[in-house]
Amino acid sequence: MIQISLISPSAKADSLAYQLAYAAQAVAGVRAGTALPQALAQIFARIDKQPQARGAIQDISYRAMRRLGISDALLALLANKPPQPEVLRGLLDCALALLVDEDEAGYDSFTVVDQAVEAAAISPDMSFAKGVVNAILRRFLRERANLMPLAVKTPPGTWNYPTWWIDRMKAAYPEDWQRILHTGNQAPPLTLRVNRRQSTVEQYLASLAAAGMPGRQVGPSAVRLDKPVPVQQIPGFAEGVVSVQDAAAQLAAPLLEVADGMRVLDACAAPGGKTGHLLELADIELEALDHDPRRLTRIDENLQRLGLRAKLIAGDARQGAQGGGWWDGRPFDRILADVPCTASGIVRRHPDIRWLRRKTDTAQLATLSAQILDNLWQMLGPDGKLLLVTCSLWPQESEQQALAFAQRNNAIRLPAPGQLLPTASAETDHDGLFYALFQKTGA
C-alpha cells in the first residue's frame, strides 16, 4: 500500500496542479516498490472525481516513468541532494517530464512551473517546499540549454532505463538495442482483436470509420486505432465484438490450432485475453488457471462480455500433476503456458517495470517458469501441444528456456515465431514476445 494524502478540497480536479499532486504520489509509490497500475488504483479509490481527471493523472504518471532517467540526471544537477520527502521528488519528476516533452505534452513551460508550485501548496506533505519547487524548475528553464547536454552524458539520462538494463540489451541485441530501447519509450497503441464469431476485420474497420475512429489492420485479427480512446467509446466493445489485445499477443491462440471438442488449459491465464481468443476460435473445453483468485474475477468479466464460458481455477501451475488438488487427472490436448517473466518486452505499456526490476529477477523467474513448464508437460496428452509464451526479451527467459525445456522433456519443437522484438511502424506495431511450440510424442 502506498501512502495517499488527500490534497486541499478547494483544489479543482481539472487543474494541472491537482493532477500533478496526485501523479506525484503515484510516482513516489513506484519508487517505493509499488507497480504503477496498483499505485494509481489506490489513489483513484480515494478520490471521487470525474474520469478526465483520472485520465490526466495517469497520463502524467506514465510520462514520468518514461522520463525518469533524464529527470534523475537533471535533479542531480539542479539539487544538492535528492529532494525529500519522496512525494516531492515525484512532483519534480512529473514536472520535468512535462518540461522535457514540452511540445508533445501540450503544456507551456511557465504553466507547468506555476502549477507545480501550486501542486506543492495544496499538498499537506509538500506545502513547505513551494519555494524549492519554484527555484529548481525555474533554474531548469533558465539553464536548459546547458543542463540537457550534461544530463544525457549518462546512459540512464540518454535512454531512460537503468544502466544494467541498457548493458543487458546491448549484449543480447548488439544490432538492435537502440531501436528496442527507443520503442520502449513510446506510448503504446490501442490495438483490438476482432472476434471472428461476430465480425471480420473488414467489417469492423468500416464500423470504426462510420464512428469517426479510423484504424488499420496490423495482424490477422488485429486492428490498431489511429488515436486511442477509452474502451467505453470503442464501437462493439461492450457487446464483445472486439477486445483490447496487443498484435503480438494475438498470435498465441492460433498457434495452438485448437479444434472443437479439445480439452485445453490456459495456465497463468489472467487477465484473460488469450483465454477469450482461444474460445473464439473453437468450441473447446477450457480451464483457465491463475494463482491469484482475485485475478480470476478479471477473466470472468472478460468472458461475460464476450458471451463465452470457461472453468476458472485458482491454483499453482507448479502443482497439480503430482498433487495439489486442482487437476482432475484428465490429460489436456493443448496447453498455453504464458509463464512468469520480467516483462521486459512490454515496457512501453508498463514503463514502471524497468525501474522495479532487479538484475537478479531474470534468473529467479526463469527457474520458476522452468518448474511450471515441467509440471504442465506431465498434464499434456500424447500428441498434444504446449505453447511457451513470455513477454520477455532476455534470452535466459526465452530461447535458452525453450532449449533447456525441450532437452529435459524430449519434446518435439514445432515451428513458431520465436523472439519477436518490439516494433512501432505503420505496418507492424506490437510488443516484444517470445513463442516456442512443443509436441509430445504419441504413447
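Residues numbered from 1 in each chain as written. Predicted model: local features only at pLDDT ≥ 70, side-chain atom pairs only at ≥ 80, totals over all residues. Heavy atoms only, no water.

### Re helix α8 (residues 130-151)
Right, so step 1: Between its first and last C-alpha, α8 extends only 24 Å over 22 residues, short of the 32 Å set by a 1.5 Å rise per residue.
Right, so step 2: At Glu143, α8 shows its maximal kink, close to 90°.
Right, so step 3: Against the buried residues of α8 lie α4 (68-78), α5 (86-100), α7 (109-121) and α9 (155-159). (Helix = DSSP H or I, 4+ residues; strand = E, 2+ residues; numbered from the N terminus. Expected span 1.5 Å × (residues − 1). Bend = angle between axes of the 7 residues up to and from the residue. Contact = heavy atoms within 4.5 Å.)

### Here we look at the pattern of salt bridges
Right, so step 1: A complete count under the given rule lists 31 salt bridges for this structure.
Right, so step 2: Taking the shortest distance from any N to any O, the salt bridge between Glu143 and Arg139 comes out at 3.2 Å. Taken together, the residues span about one helical turn, with Glu143 and Arg139 both in helix α8 at a distance of four residues.
Right, so step 3: A salt bridge links Arg295 to Asp290, with the shortest nitrogen-to-oxygen separation between them at 3.1 Å.
Right, so step 4: Among the residues examined, Arg295 registers a relative accessible area of 36% and is labelled partly exposed.
Right, so step 5: The network of salt bridges with shared partners includes Arg224, Asp246, Arg348, Arg349, Asp429 and Asp431. (Salt bridge = Lys/Arg side-chain N within 4 Å of Asp/Glu carboxyl O. Buried < 20%, exposed > 50% of the residue type's maximum accessible area, 1.4 Å probe, protein only.)

### Structural notes on the nonpolar core
Across soluble globular proteins, nonpolar side chains have a tendency to be buried as a group.
Right, so step 1: Residues Tyr18, Leu20, Val133 and Leu137 are the most contacted members of the largest nonpolar core, which totals 64 residues.
Right, so step 2: Elements represented by at least two residues in this core include exactly α1 (16-31), α2 (36-46), α3 (51-66), α4, α5, α7 and α8.
Right, so step 3: Here this core gets twelve residues from one element, more than from any other, and that element is α1.
Right, so step 4: Sequence-distant contacts of Val133, that is, excluding residues within four places in its chain, are made with Leu88, Leu91, Leu92, Ala116, Val117 and Ala120.
Right, so step 5: Counting 48 residues, the second largest nonpolar core, distinct from the first, contains Leu279, Leu296, Ile353 and Leu387. (Core = buried A, V, L, I, M, F, W, Y, C linked by side-chain atoms within 4.5 Å.)

### Examining the layout of surface pockets
Right, so step 1: Here the second largest pocket defines a volume of roughly 170 Å³.
Right, so step 2: Around the second largest pocket, the lining residues are Ile2, Gln3, Ser5, Gln25, Ala28, Gly29, Ala32, Glu86, Val87 and Asp125.
Right, so step 3: Where the lining of the second largest pocket is concerned, the elements lending two or more residues are α1 and α5.
Right, so step 4: Per-element tally for the lining of the second largest pocket: the top contributor is α1, with three residues. (1 Å grid on protein atoms, 1.4 Å probe; cavity = no way out; pocket = protein on both sides within 12 Å on 5 of 7 lines; lining within 4 Å. Points joined across faces, edges and corners; volume = space filled by probe spheres on them.)

### Description of the environment of Asn409
Right, so step 1: Tracing the sequence through the fold places Asn409 in helix α18 (residues 399-409).
Right, so step 2: Excluding its chain neighbours within four sequence positions, the residues that come into contact with Asn409 are Asp374 and Trp377.
Right, so step 3: Among the polar contacts listed, one links the side chain of Asn409 to the side chain of Asp374, at a separation of 2.9 Å. (Polar contact = N/O pair within 3.5 Å; in protein donor to acceptor, adjacent residues only side chain to side chain.)

Purely geometric stuff here, so don't read any function into it on its own.
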